[in-house]
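A closer look at the structure
Chain residues, written in single-letter form:
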Amino acid sequence: MSREDSVSVDERYMRMAIDQAYIAEENGDVPIGCVIVHEDRVIARAYNQREQLNDPTAHAEIIALTQAAESLGSWRLGGCTMYVTLEPCPMCAGALVLARLDRLVYGTDDPKMGAVRSLYNIVQDPRLNHRLEVTSGVLADDCRAQLKAFFQRRRNESKNGLQ
């Protein structure tokens, strides 16, 4: 597969993750979406559900990992690629290492909680027993714009007493 083909495949799956992020937003949660692909087949789709489930661990990545493990019948997710709209936090990055995913593709950096590049690099730390290949910045402008618009609306609602 050429680099150009890889980029178009990454963008196709990232668009699916962005679609999942819109579902999170419709449910009042931070718009982060995720898909996991194994052998060019989507085996998991998820979005943030912290507000919906009142669960601090209900991040899109964690929910997708559970679905993928169920789909493959194994907690070892070798051969899988995760596509997520925002750089994973420390909890999610740690879970990716524990699940033994091969690859992570994410949209935009998270300067406040990012644990892949921004604050830490958990998924490629040589002290851990597994490392992932990482591709960042796929459809970053779209992912960033979705998050910015969401938080701007939240600030406006809060300012206007609508929350």
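All values derive from a computational prediction rather than experimental measurement. (Residues numbered from 1 in each chain as written. Predicted model: local features only at pLDDT ≥ 70, side-chain atom pairs only at ≥ 80, totals over all residues. Heavy atoms only, no water.)

Brief notes about helix α4 (residues 90–99)
The set of residues buried in α4 consists of Cys92, Ala93, Ala95, Leu96, Val97 and Ala99. Buried positions along α4 lie against α3 (60–72), β3 (80–86) and β4 (103–108). Arg100 lies just past α4 and shows a positive phi near 65°. (Buried < 20%, exposed > 50% of the residue type's maximum accessible area, 1.4 Å probe, protein only. Helix = DSSP H or I, 4+ residues; strand = E, 2+ residues; numbered from the N terminus. Contact = heavy atoms within 4.5 Å.)

What about the packing of aromatic side chains?
This structure, assessed with the given rule, holds two aromatic pairs. For the ring pair Tyr13 and Tyr83, a centre distance of 5.2 Å and an interplane angle of 40° mean the geometry is tilted. Linking Tyr13 in helix α1 (residues 3–26) with Tyr83 in strand β3, this pair joins segments that are 70 residues apart in sequence. Just as Tyr13 is buried, Tyr83 falls in that class too. Pairing Phe150 with Phe151 gives two aromatic rings, centres 5.1 Å apart and planes at 80°, and the pair type is edge-to-face. According to the relative accessible area criterion, Phe150 is buried, its value standing at 5%. Its relative accessible area of 34% is what places Phe151 among the partly exposed residues. A cation sits over an aromatic face here: Arg12 above Tyr13, 4.6 Å from the ring centre. (Phe/Tyr/Trp six-rings, centres within 6.5 Å; stacked < 30°, edge-to-face > 60°. Lys NZ or Arg CZ within 6 Å of the ring centre and 35° of its normal.)

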